[in-house]
Amino acid sequence: MTCFLRLGAICCNASAVDLFDATTGTTPADQGWLFLANPILTHSVAQTPGPVFTTLDSTAPRSDQGGYFSAFHPDLPAPLDRSVGFAVRIGLRISAEGHDARDDNTDGLDDRAGFSLIVISSDLLGLELGFWENEIWAYADDSAAPGDLFTHAEGIAFDTTAGVTDYAIFIHGAAYTLQANGQTILCGPLRDYSAFTGAADVYETPNFVFFGDDTASAESRSEIAYLSIEDAASPCPADLAPPCMTLDFTDVIAFLSAFAGEQPQADLAPPSAVFDFSDVLAFLTSFDAGCG
Ligand SMILES: [Ca+2]
Ligand SMILES: [Ca+2]
Ligand SMILES: [Ca+2]
(Lines give C-alpha, C1' and ligand atoms only; values in the text may rest on other atoms or scores of the structure.)
(Ligands and ions follow the chains in the order given, each with its own letter.)
Protein backbone atom coordinates (compact mmCIF):
# COMPACT_ATOMS: atom_id res chain seq x y z
CA MET A 1 0.00 0.00 0.00
CA THR A 2 1.18 3.47 -0.85
CA CYS A 3 0.48 6.35 1.47
CA PHE A 4 0.73 9.99 0.57
CA LEU A 5 0.91 13.02 2.82
CA ARG A 6 -0.81 15.83 1.00
CA LEU A 7 -2.01 19.22 2.13
CA GLY A 8 -1.92 18.03 5.70
CA ALA A 9 -4.27 15.16 5.06
CA ILE A 10 -3.28 11.54 4.73
CA CYS A 11 -4.88 9.65 1.97
CA CYS A 12 -4.10 6.04 1.33
CA ASN A 13 -5.08 4.19 -1.77
CA ALA A 14 -3.81 0.77 -2.63
CA SER A 15 -3.92 1.48 -6.33
CA ALA A 16 -2.72 5.09 -6.63
CA VAL A 17 0.15 5.59 -9.06
CA ASP A 18 2.31 8.68 -8.58
CA LEU A 19 3.18 10.22 -11.93
CA PHE A 20 4.66 13.48 -10.66
CA ASP A 21 5.86 14.64 -7.26
CA ALA A 22 7.40 18.11 -7.08
CA THR A 23 8.95 17.48 -3.68
CA THR A 24 11.69 15.54 -5.42
CA GLY A 25 12.89 18.91 -6.70
CA THR A 26 12.51 18.14 -10.39
CA THR A 27 9.98 19.01 -13.08
CA PRO A 28 7.46 16.64 -14.70
CA ALA A 29 9.83 16.48 -17.68
CA ASP A 30 12.36 14.83 -15.36
CA GLN A 31 9.75 12.34 -14.15
CA GLY A 32 8.60 10.62 -17.32
CA TRP A 33 6.42 13.31 -18.89
CA LEU A 34 7.10 14.53 -22.42
CA PHE A 35 7.45 18.31 -22.40
CA LEU A 36 6.57 19.88 -25.72
CA ALA A 37 6.27 23.55 -26.61
CA ASN A 38 5.29 25.52 -29.67
CA PRO A 39 7.18 27.08 -31.44
CA ILE A 40 9.54 24.16 -30.88
CA LEU A 41 12.84 26.01 -30.99
CA THR A 42 11.96 29.61 -30.19
CA HIS A 43 9.29 29.32 -27.51
CA SER A 44 9.44 31.23 -24.23
CA VAL A 45 7.59 28.71 -22.07
CA ALA A 46 9.52 28.30 -18.82
CA GLN A 47 9.43 25.40 -16.36
CA THR A 48 11.03 26.02 -12.98
CA PRO A 49 11.35 23.27 -10.35
CA GLY A 50 10.86 24.10 -6.69
CA PRO A 51 10.61 22.32 -3.36
CA VAL A 52 6.81 22.32 -3.38
CA PHE A 53 5.78 22.80 -7.00
CA THR A 54 7.04 23.21 -10.54
CA THR A 55 6.12 26.57 -12.04
CA LEU A 56 5.03 26.43 -15.67
CA ASP A 57 4.92 29.88 -17.26
CA SER A 58 3.48 30.50 -20.74
CA THR A 59 2.51 34.11 -20.14
CA ALA A 60 4.76 35.79 -22.67
CA PRO A 61 4.01 35.69 -25.46
CA ARG A 62 0.45 34.47 -25.20
CA SER A 63 0.69 32.67 -28.53
CA ASP A 64 3.28 30.23 -27.16
CA GLN A 65 2.06 26.85 -25.92
CA GLY A 66 3.68 24.27 -23.71
CA GLY A 67 2.85 21.42 -21.42
CA TYR A 68 3.30 17.84 -20.37
CA PHE A 69 2.17 14.80 -22.34
CA SER A 70 1.82 11.33 -20.84
CA ALA A 71 2.66 9.72 -24.18
CA PHE A 72 5.77 7.83 -23.05
CA HIS A 73 5.35 7.93 -19.27
CA PRO A 74 6.63 4.55 -18.08
CA ASP A 75 4.29 4.41 -15.09
CA LEU A 76 1.03 5.53 -16.71
CA PRO A 77 -1.56 2.94 -15.69
CA ALA A 78 -3.35 1.49 -18.70
CA PRO A 79 -6.00 0.94 -19.69
CA LEU A 80 -7.72 4.00 -18.22
CA ASP A 81 -10.98 2.09 -18.12
CA ARG A 82 -13.99 4.31 -17.53
CA SER A 83 -16.27 1.30 -17.06
CA VAL A 84 -14.28 0.42 -13.93
CA GLY A 85 -13.65 4.03 -12.95
CA PHE A 86 -10.50 6.01 -12.21
CA ALA A 87 -9.50 9.38 -10.88
CA VAL A 88 -6.77 11.78 -11.97
CA ARG A 89 -5.56 13.81 -9.01
CA ILE A 90 -3.53 16.99 -9.46
CA GLY A 91 -2.22 19.52 -6.95
CA LEU A 92 -2.47 22.84 -8.74
CA ARG A 93 -2.58 26.59 -8.29
CA ILE A 94 -3.17 29.01 -11.14
CA SER A 95 -1.18 32.11 -10.21
CA ALA A 96 -2.01 33.98 -13.42
CA GLU A 97 -4.23 33.32 -16.42
CA GLY A 98 -5.29 35.42 -19.39
CA HIS A 99 -7.34 34.62 -22.48
CA ASP A 100 -8.52 36.36 -25.61
CA ALA A 101 -12.12 37.45 -26.00
CA ARG A 102 -12.70 34.53 -28.35
CA ASP A 103 -16.27 33.29 -28.56
CA ASP A 104 -16.28 30.74 -31.37
CA ASN A 105 -19.95 29.78 -31.06
CA THR A 106 -21.27 33.25 -30.17
CA ASP A 107 -22.96 32.13 -26.95
CA GLY A 108 -21.43 34.94 -24.91
CA LEU A 109 -18.81 32.69 -23.26
CA ASP A 110 -15.12 32.88 -24.15
CA ASP A 111 -13.83 29.58 -25.44
CA ARG A 112 -10.19 29.31 -24.44
CA ALA A 113 -8.34 28.86 -21.15
CA GLY A 114 -4.63 29.31 -20.46
CA PHE A 115 -4.35 26.07 -18.49
CA SER A 116 -5.90 22.77 -19.53
CA LEU A 117 -6.09 19.29 -18.09
CA ILE A 118 -6.95 16.64 -20.68
CA VAL A 119 -7.87 13.08 -19.73
CA ILE A 120 -8.68 10.56 -22.47
CA SER A 121 -9.84 7.07 -21.48
CA SER A 122 -9.07 3.80 -23.22
CA ASP A 123 -12.01 4.15 -25.64
CA LEU A 124 -11.41 7.88 -26.37
CA LEU A 125 -14.24 9.31 -24.29
CA GLY A 126 -12.70 11.88 -22.01
CA LEU A 127 -12.60 15.43 -20.85
CA GLU A 128 -10.68 18.68 -21.25
CA LEU A 129 -11.05 21.07 -18.35
CA GLY A 130 -10.06 24.72 -18.72
CA PHE A 131 -8.79 26.74 -15.75
CA TRP A 132 -9.26 30.49 -15.45
CA GLU A 133 -8.40 32.48 -12.35
CA ASN A 134 -12.06 32.56 -11.33
CA GLU A 135 -13.65 29.57 -13.07
CA ILE A 136 -13.14 25.96 -14.08
CA TRP A 137 -15.08 24.75 -17.10
CA ALA A 138 -15.41 21.86 -19.51
CA TYR A 139 -14.69 22.06 -23.22
CA ALA A 140 -17.68 20.92 -25.28
CA ASP A 141 -17.53 18.34 -28.03
CA ASP A 142 -19.58 18.57 -31.23
CA SER A 143 -22.34 16.16 -30.24
CA ALA A 144 -24.89 18.97 -30.04
CA ALA A 145 -23.65 21.10 -32.94
CA PRO A 146 -20.49 20.97 -35.09
CA GLY A 147 -19.62 24.56 -34.14
CA ASP A 148 -19.49 23.66 -30.46
CA LEU A 149 -16.24 21.68 -30.63
CA PHE A 150 -13.84 23.11 -28.02
CA THR A 151 -16.20 25.79 -26.79
CA HIS A 152 -17.08 26.68 -23.20
CA ALA A 153 -19.57 24.16 -21.77
CA GLU A 154 -20.57 23.73 -18.12
CA GLY A 155 -18.39 25.50 -15.55
CA ILE A 156 -18.21 26.57 -11.94
CA ALA A 157 -17.03 29.84 -10.41
CA PHE A 158 -13.95 28.92 -8.37
CA ASP A 159 -10.89 30.82 -7.14
CA THR A 160 -8.01 28.82 -8.63
CA THR A 161 -5.43 31.34 -7.37
CA ALA A 162 -5.96 30.93 -3.61
CA GLY A 163 -3.41 28.15 -3.12
CA VAL A 164 -2.44 24.70 -4.27
CA THR A 165 -5.75 22.84 -4.51
CA ASP A 166 -6.18 19.07 -4.55
CA TYR A 167 -8.31 18.47 -7.64
CA ALA A 168 -9.63 14.98 -8.36
CA ILE A 169 -11.37 14.24 -11.64
CA PHE A 170 -13.37 11.03 -11.37
CA ILE A 171 -14.07 9.34 -14.70
CA HIS A 172 -16.72 6.63 -14.37
CA GLY A 173 -19.26 5.32 -16.84
CA ALA A 174 -20.27 8.15 -19.15
CA ALA A 175 -19.75 11.00 -16.68
CA TYR A 176 -17.09 12.89 -14.79
CA THR A 177 -17.11 14.44 -11.33
CA LEU A 178 -14.64 17.14 -10.29
CA GLN A 179 -13.76 17.53 -6.64
CA ALA A 180 -11.67 20.32 -5.12
CA ASN A 181 -10.18 19.49 -1.72
CA GLY A 182 -12.72 16.69 -1.40
CA GLN A 183 -15.79 18.75 -2.29
CA THR A 184 -17.69 18.10 -5.51
CA ILE A 185 -17.81 21.33 -7.53
CA LEU A 186 -18.63 20.24 -11.09
CA CYS A 187 -19.94 17.26 -13.02
CA GLY A 188 -21.14 16.42 -16.49
CA PRO A 189 -20.91 14.01 -19.40
CA LEU A 190 -17.66 12.71 -20.85
CA ARG A 191 -16.85 14.12 -24.27
CA ASP A 192 -15.80 12.74 -27.66
CA TYR A 193 -13.32 15.16 -29.21
CA SER A 194 -12.39 12.84 -32.09
CA ALA A 195 -13.75 15.34 -34.65
CA PHE A 196 -10.56 17.34 -34.05
CA THR A 197 -8.20 16.96 -37.02
CA GLY A 198 -5.05 18.87 -36.07
CA ALA A 199 -1.52 17.59 -35.97
CA ALA A 200 -0.57 15.53 -32.89
CA ASP A 201 -4.16 14.51 -32.26
CA VAL A 202 -4.06 13.67 -28.58
CA TYR A 203 -7.84 13.40 -28.54
CA GLU A 204 -7.59 10.14 -30.47
CA THR A 205 -4.85 8.75 -28.26
CA PRO A 206 -6.20 6.17 -25.79
CA ASN A 207 -5.01 6.37 -22.17
CA PHE A 208 -3.72 9.91 -22.34
CA VAL A 209 -3.19 12.83 -19.97
CA PHE A 210 -1.98 16.39 -20.69
CA PHE A 211 -1.55 19.41 -18.47
CA GLY A 212 -0.38 22.85 -19.50
CA ASP A 213 -1.16 25.54 -22.08
CA ASP A 214 -2.41 24.11 -25.39
CA THR A 215 -3.71 27.25 -27.06
CA ALA A 216 -2.37 30.33 -28.83
CA SER A 217 -5.37 32.29 -27.54
CA ALA A 218 -4.60 32.12 -23.80
CA GLU A 219 -1.75 31.95 -21.31
CA SER A 220 -1.06 30.94 -17.74
CA ARG A 221 1.43 30.68 -14.93
CA SER A 222 0.72 27.60 -12.86
CA GLU A 223 2.17 25.86 -9.83
CA ILE A 224 1.96 22.07 -10.14
CA ALA A 225 2.66 20.04 -7.01
CA TYR A 226 1.75 16.48 -7.98
CA LEU A 227 -0.26 14.25 -10.28
CA SER A 228 -1.44 10.72 -9.68
CA ILE A 229 -3.99 8.29 -11.05
CA GLU A 230 -5.96 5.84 -8.96
CA ASP A 231 -8.71 3.29 -9.46
CA ALA A 232 -11.82 4.98 -8.17
CA ALA A 233 -15.55 4.68 -8.51
CA SER A 234 -17.70 7.74 -8.85
CA PRO A 235 -18.00 9.61 -5.53
CA CYS A 236 -21.77 9.17 -5.93
CA PRO A 237 -22.17 5.60 -7.27
CA ALA A 238 -25.97 5.79 -7.52
CA ASP A 239 -25.75 8.77 -9.89
CA LEU A 240 -25.89 6.73 -13.08
CA ALA A 241 -27.95 8.99 -15.36
CA PRO A 242 -28.19 12.69 -16.16
CA PRO A 243 -28.60 15.16 -14.60
CA CYS A 244 -25.46 14.55 -12.58
CA MET A 245 -25.45 15.27 -8.84
CA THR A 246 -29.22 14.76 -8.89
CA LEU A 247 -30.65 11.41 -7.82
CA ASP A 248 -34.02 10.64 -9.34
CA PHE A 249 -36.01 7.90 -11.02
CA THR A 250 -33.81 7.90 -14.13
CA ASP A 251 -30.89 6.79 -11.95
CA VAL A 252 -33.00 3.88 -10.62
CA ILE A 253 -33.92 2.84 -14.16
CA ALA A 254 -30.27 3.11 -15.22
CA PHE A 255 -29.18 0.91 -12.32
CA LEU A 256 -31.81 -1.72 -13.00
CA SER A 257 -30.89 -1.79 -16.67
CA ALA A 258 -27.17 -2.06 -15.94
CA PHE A 259 -27.79 -4.70 -13.27
CA ALA A 260 -29.90 -6.79 -15.64
CA GLY A 261 -27.20 -6.46 -18.30
CA GLU A 262 -24.42 -7.16 -15.77
CA GLN A 263 -22.65 -3.97 -16.77
CA PRO A 264 -19.75 -2.62 -14.66
CA GLN A 265 -21.57 0.50 -13.46
CA ALA A 266 -24.01 -1.74 -11.57
CA ASP A 267 -21.19 -3.70 -9.94
CA LEU A 268 -21.17 -1.53 -6.85
CA ALA A 269 -20.07 -4.00 -4.18
CA PRO A 270 -17.76 -7.00 -3.87
CA PRO A 271 -17.37 -9.63 -5.10
CA SER A 272 -16.26 -8.03 -8.35
CA ALA A 273 -18.09 -9.05 -11.54
CA VAL A 274 -20.77 -10.82 -9.53
CA PHE A 275 -24.16 -9.13 -9.63
CA ASP A 276 -26.07 -9.90 -6.47
CA PHE A 277 -28.04 -8.39 -3.63
CA SER A 278 -24.97 -6.62 -2.23
CA ASP A 279 -24.90 -4.45 -5.38
CA VAL A 280 -28.58 -3.60 -4.94
CA LEU A 281 -27.95 -2.74 -1.31
CA ALA A 282 -24.97 -0.56 -2.26
CA PHE A 283 -27.09 1.30 -4.80
CA LEU A 284 -29.89 1.86 -2.31
CA THR A 285 -27.41 3.03 0.34
CA SER A 286 -25.79 5.51 -2.05
CA PHE A 287 -29.17 6.68 -3.32
CA ASP A 288 -30.39 7.20 0.22
CA ALA A 289 -27.23 9.10 1.18
CA GLY A 290 -27.56 11.44 -1.79
CA CYS A 291 -24.80 13.28 -3.66
CA GLY A 292 -22.90 15.57 -1.33
CA1 LIG B 1 -18.53 30.43 -26.61
CA1 LIG C 1 -0.63 30.12 -24.97
CA1 LIG D 1 -28.55 11.53 -11.86
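The rules behind the values
Residues numbered from 1 in each chain as written. Chains lettered and ligands numbered in written order. Predicted model: local features only at pLDDT ≥ 70, side-chain atom pairs only at ≥ 80, totals over all residues. Heavy atoms only, no water. Helix = DSSP H or I, 4+ residues; strand = E, 2+ residues; numbered from the N terminus. Expected span 1.5 Å × (residues − 1). Buried < 20%, exposed > 50% of the residue type's maximum accessible area, 1.4 Å probe, protein only. Arc of directions from axis to C-beta. Donors = N, O, S within 2.8 Å, 3.2 Å for Na, K, Ca; no water. Salt bridge = Lys/Arg side-chain N within 4 Å of Asp/Glu carboxyl O.

A. Broad picture of helix H2 (residues 277-289). The end-to-end C-alpha distance of H2, which contains 13 residues, comes to 18 Å, matching closely the 18 Å that a straight helix rising 1.5 Å per residue would cover. Those residues of H2 that fall on the buried side of the exposure criterion are Asp279, Phe283 and Ser286. Down the axis of H2, the buried side of the element spans an arc of 70°, and every buried residue falls inside it. Exposed positions of H2 whose direction lies more than 90 degrees from the buried face are Phe277, Asp288 and Ala289. One or two residues past the end of H2 sits glycine 290, with phi positive at roughly 80°.

B. Geometry of the coordination of the calcium ion (ligand 3). Within the first shell, the calcium ion (ligand 3) binds the protein through Asp239 (OD), Ala241 (O), Pro243 (O), Thr246 (O), Asp251 (OD) and Asp251 (OD), at distances of 2.3 to 2.7 Å. Sequence spacing among the residues donating to the calcium ion (ligand 3) works out to D-x1-A-x1-P-x2-T-x4-D. In this structure alanine 241 comes out as buried when scored by relative accessible area, which is 14%. Taking relative accessible area as the criterion, proline 243 reaches 42% and is therefore assigned partly exposed.

C. Representation of the pattern of salt bridges. Under the definition given, this model contains 10 salt bridges. The partner of arginine 221 in a salt bridge is aspartate 57, and the shortest N-O contact between them spans 3.9 Å. Of this pair, arginine 221 sits in strand E17 (residues 218-231) while aspartate 57 sits in strand E6 (residues 54-57); the two residues are 164 residues apart in sequence, bridging distant segments of the chain. Glutamate 223 serves as the salt-bridge partner of arginine 93, at 2.9 Å between the closest nitrogen and oxygen. Remark: glutamate 223 occurs in strand E17 and arginine 93 occurs in strand E8 (residues 86-99); sequence separation between them is 130 residues. For arginine 93, a relative accessible area of 22% gives the class partly exposed. Through salt bridges with shared partners, a single ionic network connects Arg62, Asp100 and Glu219.

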